[in-house]
Structures are given as C-alpha cells and as structure tokens.
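What follows is the residue order along each chain.
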Amino acid sequence: MSINNPIQDVIDRIKSDLEKLEQEVAPTRPDLADPNTKQQKTKELNAFFVDRINLFKDADFGVGLPENNNWEYPVLERRKIALMHLFAEAQKRFGDKYPELDIADQLMRFNGPLATLSFQTLDQDYYAELAMAIWMLDHLKANDVYEEALRYFPTSRREIDSVYLPYLSDSVHHDDELKCMLYLIRNRNRGMKGYHKDRAFCDEADTGLTKSDTNEPTQDRKNFDAVMSLIDEEVIRSVQQDFIDLIWEFFDSLLSIMNSFNGDRLQLKKKMIRGLKEQLSGYEDMQVKAPAAPMVGQNSDLFDPVVTRSASTPEVPPELKQRAILLDDLAKEIGKRNDMIETLYLYVMLIPDWINGNTPEAIDMQVYLGVRTPIIRNPYSICFAFLSLLDAHSDYAWLYNLSYDILAFACQCLPWADSNVVDPDGNAPEIRIDYPYLKSLIEKDPDWNEDKSTDTIYELNIPSPVLKNHRTMTSIAKLAFLTSGLIPPRSGESISFTNSLLSETELAAEARSALYNYFALAHAVNQKDPAFQIAEDEQVEDDSAQEQQDIESRTEEIKKLKAQIRRLKDMVNQVKHRNKDLTAELDKTKKTADATTAELAELRSMIRESCDTEEKSVTTVEFPYSVKQRTVIVGGHESWVKAIKPLLNNVRFIGASEQPNSGVILNAEVVWMQTNAMAHSGFYKIIDIIRKNDIKVRYFKYASAEKCAEQLALEETES
C-alpha cells in the first residue's frame, strides 16, 4: 500500500476487480476447431484433473483414494482423451441452446475425478454384470445361435463354480448358463496388461492404452469376442445409441440447471460491475479533492473501506460506505451461486441415489427439482450397451461420471434392485407386501391408471408397498421378483396370443394385465430343461463300472460342497472386514464431529458477538500488549498484518499467502485465525494440524486490526 496515496491503492484494487469481473461476464464460445484452442483446452483439462484430485487428497478422504476411485494414470488419461474427443460434439448439440455457457467446460466439470463412487461399487450393489449376461443369453436364444455360443462356454466345473451368483433364480436361464456368461464377461481381459480381477469395469486393460507383451489375444478374449460376434451388429449399434442418447438427455438436464444458476450469477456480476464503477468514480473524486491527504490504517478489504483517520485524513463520503455494504452483499450472493454450482459438480455421481430419496443436505432444492431422471424402458439392454461401448473403446463409456449415472439409473430398474439378494446365511429376505396400503395409494392418486402397467414392466410407476421410507415408486418386475423370488422373463412374444383371448373376457384391464404377466412367467419357467447341466471336461464312458460311478458322484458332491464352503467363508470374511472398516470409519467420524461441533460453537459465538458494531465498544487495553501464551496468528490481508503487529508483542504471524509451518503451529498454545483472504486449502491444512494435536483455536471477530488485538488481549486476561 502506498503510504502517501492510499486512495490510489483502493482505486487500483477496484480496477483490478472490474477487469476480472468484465472478463467473467463476457460471452465465451471457444472455437474448438482451432489448434490453439485445442491446445489451451488440453492444458485446462490437465490442470483441472490435478486440482480436483488434490482437493480430495487435501480433504483427507483416505489413503485408498487412487485405488478406490480408479485414479491410475492410464484410466485418468483415457478419461481426458474421451473428453477432448467429445467437446466438439457437446458444443454442437447444446451451444445454441445455452449460448451463455461454455459447453466444453461444463462437460469437463461434470466428468472430473470424484471421491464418491466407482463402477466396481455399482456392480457390487446391483450386479450389473448379471443384467448384461441375461441380455446376452436372451438374445442368443431368441436368434437361434445359442447352441453355437455353447462352444465358447467354460466346461470345467472348477471354472464355472469360480463365478459367484447371488441368491436368486432366473425364470428363463439356468444358474450354470448365467455363470458361464458371467465367466466370459469377467475374464474377457484376463491375461492382458492392466487386468484387475476385482474390478468389474474400467480397469487399465479396458482403456486400450496399455499394451500387452504379445499382440496375440488370450483364449479368454477370443471366447468373449466369438460370443459377441453372434449378436447382430445392428442390434448392438441400436442399444449403444440408446445409451448415448440417454447420456446427452441427462447432460441437457444438468445444463438447464447450470444455465439458471449462471443466469442469476451473471446478473449479479453485472450489478456488481455497475456498483464498482460508481465506487471507482467516487474514490477518483476523493483523490482529486485531496490528492496529498494521508490515510492511516486503510483497510485492505475493497468492500468495507473504513479508515482509521488522522487529523488530516479526508472523511470517506457516506454514499461510498453505504455502497460498499451493498457490494459486500452482492459478493455474498455471488458466492452462494458459486457454492451451489460447485456442489452439483461434486455430487453428480450421487444423483441416481439422492433422486430416489437419499438427498444430501448440501443439495439445493432448486437442483433437486431441476434434474430430469432418464426413463429406462429396458435396463438389461442399457447395461449391455455400456459393456459393448466399453469393449469397443468408445469415448462415451469413458465419460465415466455421466456414463456411471446412466448405468446406475438402469441398475435401479432391475427386478432385484430393491431386495437383499446377497444373504450370507443363504436365506431369502422376508417380504410382507401391504396390499391394502398399495390399493389406498392407487385410489388416492388420480394420475395412476391401468394403462401405466402396460408401458413397460420395468418403469417405476407403481406406489411401493414395501419400501415406504426409501422409494415411493416401484415396478411390476420388482414386485414379481419380491413375491416369487424369480427374475421375470423379458419377452412375452411366445404367448402373445393370450392377449387376444383375454381381451374377449369381461375382466378389468388391470386383471387382464396381471394374468398376462403371470402366464408369461409360468410359461418361461416351464421351458427350462430340469436335466440341463454343463458337462465336465471328460466323461467316463464305462457305464458298467458302478463303483467308479459312485466314486465320481461322491467326488462331485464333495467338490460342490467345498466350493459352497469357500463361497460362504469368503462372504463371512467380507462381512467381517466390512464391519471392521465401518467401525473404524464411525470412530473417525465421531472424533471429527466432536471437533467440528466445538469449532461451530466458536464460530456461532463469533457471529453473534460481531453483530454489535465496533463503535459501541471502548478500548480498555494499553498497546502494545505483551501476550503471555505462546500464540500464533494466521491469515489476514497484508495491510491488516502490518497494522496489528505493532500492537502485540511475543506473537508469531503466518500470512495468508505463506505456506503453513507445522513446527510453528505445533509449538503454539493457541492459534488465532483471521479468515480474511485465506485460501480454503491453507485453512484446512492448518485446521487439520490443530485438530490432530488438540491445540486451542480462536477466531477474530472484526476487520479492524486494533479491535482484533483488543479481542485477543481481553480474552487472555479474562481466562
């Protein structure tokens, strides 16, 4: 700050902020075909990924962040490549619809690294691979190529039993058929560099960026490719396009919310620009009238230009003070919009969960109501579409966050999505359907009608009689699974003639629909061959050796029992480890909550006390004051630090722009925080050191250096 002309310092700061705001409100529509723009976007993308990962690392989300969230270099690199390839397509689709948004920037921010969920957790919760396997088996049988596909199935009982199948039954396919198809899906990359046996999707092998030692495909890859080749290419392209359309539809929904928030923020910034220009004019008038008048103790906060005046200091006009208060309010409103926007970026992978009832408190109601949930008419085909896109190295699969959301929405429509299909004891969940409750909900809903039940059996359009406190709607497929324990058939074409028969009866439409779905289920179950099994590698042909047959039979039973024991032990160990992790996480959360509660109490006290104006208090401390405790003061603008240093002796200072010195903080008995001008990262680093070492922390309540010094002195003398 200039000692001789402090008004000029204020003018310079206003001009700097004006220039920044005017750049922010200027319309941005980058030419993505320009090589220089592409190069700049690449730099922005790399910097954004690094900053986002560092954000979660600084927030101490745990040592397993890279592993749990797929942050390996090839995976992150593939995600960035996908974004660069799709920037132009996104701009083409939505540039004219949302002219005030940088569409490429929005696509990047909605698909950045997050420490929330991953595809392996999605598969663990919903068994997305099982839905993919069912779709493939349905297609192979419907097109009479299933017998040919059998040639590529595993035939060893050891291989088949290595696949875990949850406690459910399909109405069309046998367990061994499901296991064989799951085996092909899960092992399609086995033997390839970057293959991760515990990760369902999006491992390094899936990126296509890691090259194996040999160009020759493995036998597992050959088997999977052979089965995929039996599926009609036109059908694959069709379901892939359905998945892609859902991605863009969902992205459009998010852009609509962002456009609303950004429009509000843009108007506030323009209003801020007008106010700053008026403020600039006022200070320039002051400089003309009193160019040489010294100003002592000029506060560095642009929006609260209160000065400690000497006898010759010019008085700041009342209109400038009043406008400063208004500008400060505007800045806070802009900050709120920024926080809401950033929150949606960070919570985007949680939308499928909170849109169905588990909404985080951080989500604004305007966001909650603005998100349009994609309509999933066939969850099996959408699940398979993701697998086929991933296997074809499509950029759409590697958008990651948005593709995760679409896959999650599809998984939530699967028949087993709302049931506990994994029971360590092998017991089916107890289901008690409250039919009177279901009927009462339907009668109260004037929009519900019989036609809804014929749209698609997967559509969530029926009030749930079971999960009253979680989801309000369910589907025919889910109700069928909950009541029968069977996954309902996906097609009723083989009994379609019954529709015409039922239509000739006097039954109500609802009853006809229920009967038709029952007929379809019963028909599918009776088509399964009860003697079906996948053969062993070698069969003994000597039928006369009864003893040998008995030995083999018992050996097979022992193998099955051992496999079942292994599965049960694995499940018990998983539950034990999970309980241990949850207990540790709960202990950590309790400690953090206790520290946060104390800190919040301190902040609330500070806010209440700061509501009294500084003019009401009278200074009762003689300065300079010698501090008795080992004290460290952190933060504050540079001018504030210069002003408070002469008032306090025996104090260590860490400026807002300085790197926190852990040694200085650890040696302190009390740390005083002046949060003005402090970066979030610096603040949380210091708070983390304080919490871990039980160091006392206090917060300054005033902007004035003298009042802050007085607050510190009074609290020390009173304690």
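Remember, predicted model here, so these are calculated numbers, not experimental data.

Q: Got a minute to help me understand the overall build of the protein chain in this structure?
A: Helix and strand counts for the protein chain stand at 27 helices and eight strands. Sequence separation of 24 or more characterises 75% of the internal contacts of the protein chain that already satisfy a separation of 6 or more. Element-wise, carbon and sulfur atoms account for 50% of the exposed surface of the protein chain, whose accessible area totals about 37900 Å².

Q: In this structure, what is going on with the packing of helix α12 (residues 219-229) against helix α17 (residues 379-391)? I would like to understand it.
A: When two helices pack together, you describe them by how their axes are tilted relative to each other and by the distance separating the axes. The geometry of α12 relative to α17 is characterised by a closest axis approach of 13 Å and an angle of 125° between their N-to-C directions. As summarised for this structure, α12 and α17 are arranged oblique, according to the angle between their axes. Relative to α17, α12 is oriented so that their crossing is left-handed. Side by side, α12 and α17 meet where R221, F224, D225 and M228 of the first sit next to F384, L387, S388 and D391 of the second. Taken together, the residues that form the contact of α12 with α17 break down as four nonpolar, one polar and three charged.

Q: Is there a simple way to explain the pattern of salt bridges in this structure?
A: Pairing between side chains of opposite charge can happen when the charged atoms of each approach one another. Counted by the stated rule, this structure contains 28 salt bridges. A salt bridge links D102 to K41, with the shortest nitrogen-to-oxygen separation between them at 3.2 Å. Here D102 is found in the loop between α4 (73-94) and α5 (103-110), whereas its partner K41 is found in helix α2 (residues 35-58), with 61 residues between them in sequence. Of the charged contacts, one joins R237 and E233 as a salt bridge, the two residues approaching to 3.8 Å between their closest N and O atoms. Here the residue R237 and the residue E233 both occupy positions in helix α13 (residues 233-289), the gap between them amounting to four residues, near one helical turn.

Q: In this structure, what is going on with the sheet that holds strand β7 (residues 670-674)? I would like to understand it.
A: Each strand in a sheet pairs with another by means of backbone hydrogen bonds, the pair being arranged parallel or else antiparallel. Strand order across the open sheet formed by four strands is β6-β5-β7-β8, with parallel pairing between neighbours. Each of the sheet's edge strands pairs with one partner strand only, and the pair in question is β6 (648-654) and β8 (696-699). Each strand axis lies, on average, 30° off the axis of its neighbour in the sheet, ignoring direction. Here helix α27 (residues 705-718) sits on the sheet in contact with β5 (625-635), β6, β7 and β8, set at roughly 130° to β5.

Q: Mind showing me how you'd approach the nonpolar core here?
A: What tends to happen in soluble globular proteins is that the nonpolar side chains get buried as a cluster. Ranked by size, the top nonpolar core spans 115 residues in total, and within it L107, M136, M181, F251, F386 and W416 carry the most contacts. Once residues lying within four places of it in the same chain are set aside, the contact partners of F386 are F119, M132, F201, C202, F243, A397, S403 and L407.

Q: Help me understand α4 in this model?
A: Counted at 1.5 Å a residue, the expected span for α4 with its 22 residues is 32 Å, and the 31 Å between its end C-alpha atoms agrees. Of all the bends in α4, the largest measures some 40° and sits at L86.

Q: Can you walk me through the confidence of the model for the protein chain in this structure?
A: One rule of thumb: low pLDDT means the predicted coordinates there are not for detailed reading. Across the protein chain, pLDDT averages 76, with 71% of residues at or above 70. Residue range residues 421-439 is modelled with pLDDT below 50. Its contacts to residues more than four positions away, or to other chains, number 33 contacts. A low-confidence stretch, residues 467-471 (pLDDT under 50), is modelled with twelve contacts involving residues beyond four sequence positions or located in other chains.

Q: How do you make sense of the packing of aromatic side chains when you look at a structure like this?
A: Pairs of aromatic rings are described using the distance from one ring centre to the other and the angle between the two planes. With the rule as written, the count across this model stands at 17 aromatic pairs. Taking the centre distance of 6.0 Å and the plane angle of 55° together, the rings of F94 and W248 count as tilted. Remark: W248 occurs in helix α13 and F94 occurs in helix α4; sequence separation between them is 154 residues. For F94, a relative accessible area of 6% corresponds to the buried category. Note on W248: relative accessible area 2%, which makes it buried. Considering the side-chain rings of W248 and Y396, the 5.9 Å spacing of their centres and the 90° angle between planes classify their relative orientation as edge-to-face. A residue pair is termed long-range when its members are at least 10 positions apart, and W248 in helix α13 and Y396 in the loop between α17 and α18 (401-411) qualify at 148 residues. An aromatic cluster is built from F94, F110, W248, F251, Y345 and Y396, whose rings are joined through pairwise contacts. Here the basic side chain of K141 rests over the ring of Y146, its NZ or CZ set 5.0 Å away from the ring centre.

Q: How should the environment of I334 be read in this particular structure?
A: As for its position among the elements, I334 is in helix α14 (residues 318-346). For I334, a relative accessible area of 8% puts it in the buried group. The residues touching I334, leaving out its near neighbours within four places in the chain, are R265, L268, K269 and M272.

Q: I keep staring at the pairing of β5 and nothing clicks. Help me out?
A: Looking at chain direction, β5 and β6 are connected through six bridges and run parallel. Within the sheet, the bridge partner assigned to I633 lies in β6 and is F653. Regarding topology, helix α24 (residues 638-644) serves as the crossover connection from β5 to the parallel β6, and that connection is right-handed. Across five bridges, the pairing between β5 and β7 is parallel. Paired with I633 across the two strands is W672, which belongs to β7.

Conventions adopted
Residues numbered from 1 in each chain as written. Predicted model: local features only at pLDDT ≥ 70, side-chain atom pairs only at ≥ 80, totals over all residues. Heavy atoms only, no water. Helix = DSSP H or I, 4+ residues; strand = E, 2+ residues; numbered from the N terminus. Contact = heavy atoms within 4.5 Å. Areas by Shrake-Rupley, 256 points an atom, 1.4 Å probe, with all protein chains shown as cover. Axes fitted to C-alpha atoms, helices over the stretch in contact; angles between N-to-C directions. Parallel < 35°, antiparallel > 145°, perpendicular 65-115°, else oblique. Left-handed = near helix turned anticlockwise from the far one by under 90°. Nonpolar A, V, L, I, M, F, W, Y, C, P; charged D, E, K, R; others polar. Salt bridge = Lys/Arg side-chain N within 4 Å of Asp/Glu carboxyl O. Pairing = 2+ DSSP bridges. Core = buried A, V, L, I, M, F, W, Y, C linked by side-chain atoms within 4.5 Å. Buried < 20%, exposed > 50% of the residue type's maximum accessible area, 1.4 Å probe, protein only. Expected span 1.5 Å × (residues − 1). Bend = angle between axes of the 7 residues up to and from the residue. pLDDT = per-residue confidence, 0-100. Phe/Tyr/Trp six-rings, centres within 6.5 Å; stacked < 30°, edge-to-face > 60°. Lys NZ or Arg CZ within 6 Å of the ring centre and 35° of its normal. Right-handed = clockwise from strand over helix to strand, strands pointing away.

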